[in-house]
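Each chain, letter by letter, is given below.
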Amino acid sequence: MATDLLTITDLHVSVDDKPILRGVNLRMQRGETHALMGPNGSGKSTLGLALMGHPKYVVTQGAIELNGVDLLAMEADARARAGIFMAFQRPVAIPGVKMADFLRHATTNVRFPDRKEGEQLIPMKDFRKELRAKMDHLRMDVEFARRYVNDGFSGGEMKRAEILQMAMLQPKFAILDETDSGLDADAVRLASESIAEIGRNNMGLLIITHHDKLLEHNPPDFTHVMLGGRIVETGGVELAAELYSQGYDRIRRTYPEAEAENRAMLDHDEPQLSAVERE
Ligand SMILES: Nc1ncnc2c1ncn2[C@@H]1O[C@H](COP(=O)(O)OP(=O)(O)OP(=O)(O)O)[C@@H](O)[C@H]1O
Ligand SMILES: [Mg+2]
């Protein structure tokens with residue numbers, strides 16, 4: 001059976017002319033769960049933002065394709081309509097725009113990709129019914145939909161708003177950037193369950209996380225470790241468990257070149273010390 005396929009080939013990305021990603025290769029099929037791990041500043045969020053077409057993240061080399069179609073040639077909104085979704089590490093607030101209105105627009109745009117601006121939205125009655133059902137399912141208060149997008153949301157509320165958005169949009173591929181950060185233990189469990197329910201079997205999930213709790217209900221088929229702007233190792237679920245319990249010491253020792261680049265990115269304004277001098 002044919003399935004949707006997202007391929008990233010030799011991807012190089014710069015921000016303000018500073019190279020961040022240095023040749024990332026990744027292949028994801030719909031229905032697979034991938035965990036993306038790696039120390040702070042290794043380039044994980046950069047990969048997500050480049051996939052979404054954030055204008056600050058400039059692709060200098062390589063390709064991103066969805067079913068063989070060049071995603072790099074598309075604007076960010078066209079990528080969303082093609083079925084790519086990202087839950088951001090730091091979502092932006094949109095004061096004055098209510099969650100429900102935002103979701104109605106976004107859902108209409110994704111479901112009817114050929115719709116012209118200003119044309120009919122999904123009828124209010126149908127949309128309300130669906131939104132309410134999804135919110136019930138996620139154990140969210142309906143009041144939440146009346147609030148302005150991310151405006152004054154707690155860390156946990158922001159993350160849940162992103163999960164609700166994913167539930168409504170039903171993308172082909174979802175990138176979840178630290179959807180667990182700032183959540184208490186119960187909320188992480190709920191998020192992990194919700195993601196599994198929404199995503200199971202019908203989405204390609206790329207879960208960026210520093211912990212293993214979000215993976216509890218989403219055991220990764222593949223775990224990728226990023227260091228210094230490239231994926232240095234890929235394994236299965238056992239690799240995520242190892243990194244969570246033992247940290248990145250083994251990875252840093254095994255890939256000294258990538259480790260040096262990771263350090264250089266982190267403190268670009270400081271004089272560089274060797275690993276020995278730092279210890
Ligand atoms: N908009 C930006 N402006 C300047 N530097 C940036 C920008 N985005 C990313 N970088 C730099 O690129 C490197 C990689 O950052 P990125 O956010 O991708 O790391 P990460 O792996 O997501 O880290 P974390 O685990 O801390 O979230 C860092 O050195 C960061 O400072
Ligand atoms: Mg990040």
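All of these numbers come straight from a predicted model, not from anything done at the bench.

**A closer look at the overall build of the protein**
When you go through the protein residue by residue, the secondary structure sums to 10 helices and 12 strands. The globule rule puts the C-alpha radius of gyration for 279 residues at 19 Å, and the 19 Å found for the protein is close to it. Its C-alpha atoms give the protein principal-axis dimensions of roughly 65 × 45 × 40 Å. Relative to its 279 residues, the protein shows a buried fraction of 38%. Pairs at least 24 apart in sequence give 71% of the contacts found in the protein among residues at least 6 apart.

**Considerations on the site of ligand 1**
The environment of ligand 1 is made up of 14 residues, and the closest members are Asn40, Lys44, Ser45, Thr46 and Met265. A total of three residues in the shell around ligand 1 trace back to one element, the largest contributor, which is helix α1 (residues 44-52). Split by residue class, the shell around ligand 1 holds four nonpolar, eight polar and two charged.

**Topic: the sheet that holds strand β11 (residues 222-227)**
Here six strands make up an open sheet; going across it, the order is β6-β9-β10-β3-β11-β12 and the pairing mixed. Every other strand in the sheet has two partners, leaving β6 (84-87) and β12 (230-235) as the edge strands with one partner each. On average, each strand axis in the sheet is inclined to that of its neighbour by 20°, with strand direction left out of account. Two strands pair when backbone bridges link them, and strand β9 (residues 173-177) and strand β10 (residues 204-208) are joined in this way by five bridges, in the parallel orientation. Paired with Leu176 across the bridge in β10 is Ile207. Sitting on the sheet, helix α7 (residues 237-246) is in contact with β3 (33-37), β11 and β12, with an inclination near 45° to β11.

**Things to note about the nonpolar core**
Burial of nonpolar side chains together is a common tendency in soluble globular proteins. Ranked by internal contacts, the top residues of the largest apolar core, which has 65 residues, are Met166, Ala174, Leu176, Ile207 and Val225. Ranked by residues supplied to this core, first place goes to helix α5 (residues 155-169) with eight residues. Discounting chain neighbours no more than four positions away, the residues touching Ile207 are Thr33, Ala35, Leu36, Leu176, Leu214, Leu215, Asn218 and Pro220.

**Some remarks on the confidence of the model for the protein**
Confidence in the prediction for the protein averages 91 pLDDT; 95% of positions are at 70 or higher. Here residues 270-279 scores under 50 on pLDDT; set against residues more than four positions off or in separate chains, the count is two contacts.

**Overview of the packing of α5 against helix α6 (residues 185-199)**
The contact between α5 and α6 brings their axes to 10 Å, and the two run at 10°. Relative to α6, α5 is oriented roughly parallel. For the pair α5 and α6, contact is made by Gly156, Lys159, Ile163, Met166 and Ala167 and by Ala187, Ala191, Ser194, Ile195 and Ile198, respectively. In terms of residue class, the contact of α5 with α6 is made up of seven nonpolar, two polar and one charged.

**Comments concerning the pairing of strand β2 (residues 18-29)**
Across nine bridges, strand β1 (residues 5-15) lies against β2 in antiparallel orientation. In the strand pairing of β2, Val13 is matched with Leu21.

**A word on the pairing of β11**
The two faces of the sheet receive side chains in turn, since in a regular strand these alternate between them. The buried fraction of β11 amounts to five of the six residues, a majority that puts the element mostly inside the structure. In this structure, β3 lies alongside β11, joined through four bridges in parallel fashion. Paired with Ala35 across the bridge in β11 is Thr223. The turn linking β11 back onto β12 is made up of two residues, and Gly228 within it adopts a positive phi angle of 60°.

**Structural notes on the sheet that holds β1**
Reading across from one edge, β2-β1-β4-β5 is the order of the four strands in this open sheet, with antiparallel pairing throughout. At either margin of the open sheet sits one strand with a lone partner, and together these are β2 and β5 (69-70).

**Thoughts on the environment of Val188**
Looking at the element boundaries, Val188 is found in helix α6. Each C-alpha atom of the pair Val188 and Leu214 lies 6.2 Å from the other, and the pair is 26 residues apart in sequence. The residues contacting Val188, other than those within four sequence positions of it, are Asp180, Leu183, Lys213 and Leu214.

**Topic: the packing of helix α4 (residues 124-137) against α5**
Here α4 crosses α5 at 130°, and the two axes come no closer than 10 Å. Judged by the angle between their axes, α4 and α5 are oblique. Taken as a pair, α4 and α5 cross one another with a handedness that is right-handed. On α5, the residues that touch Leu131, Lys134 and Met135 of α4 are Leu164, Ala167 and Met168. Partitioned by chemical class, the residues of the contact of α4 with α5 number five nonpolar, no polar and one charged.

Calculation criteria
Residues numbered from 1 in each chain as written. Chains lettered and ligands numbered in written order. Predicted model: local features only at pLDDT ≥ 70, side-chain atom pairs only at ≥ 80, totals over all residues. Helix = DSSP H or I, 4+ residues; strand = E, 2+ residues; numbered from the N terminus. Rg over C-alpha atoms; globule rule 2.2 N^0.38 Å. Buried ≥ 20, exposed ≤ 12 C-beta atoms within 10 Å, placed from the backbone. Contact = placed C-beta atoms within 7 Å. Near = placed C-beta within 6 Å. Nonpolar A, V, L, I, M, F, W, Y, C, P; charged D, E, K, R; others polar. Pairing = 2+ DSSP bridges. Axes fitted to C-alpha atoms, helices over the stretch in contact; angles between N-to-C directions. Core = buried A, V, L, I, M, F, W, Y, C linked by C-beta atoms within 7 Å. pLDDT = per-residue confidence, 0-100. Parallel < 35°, antiparallel > 145°, perpendicular 65-115°, else oblique. Left-handed = near helix turned anticlockwise from the far one by under 90°.

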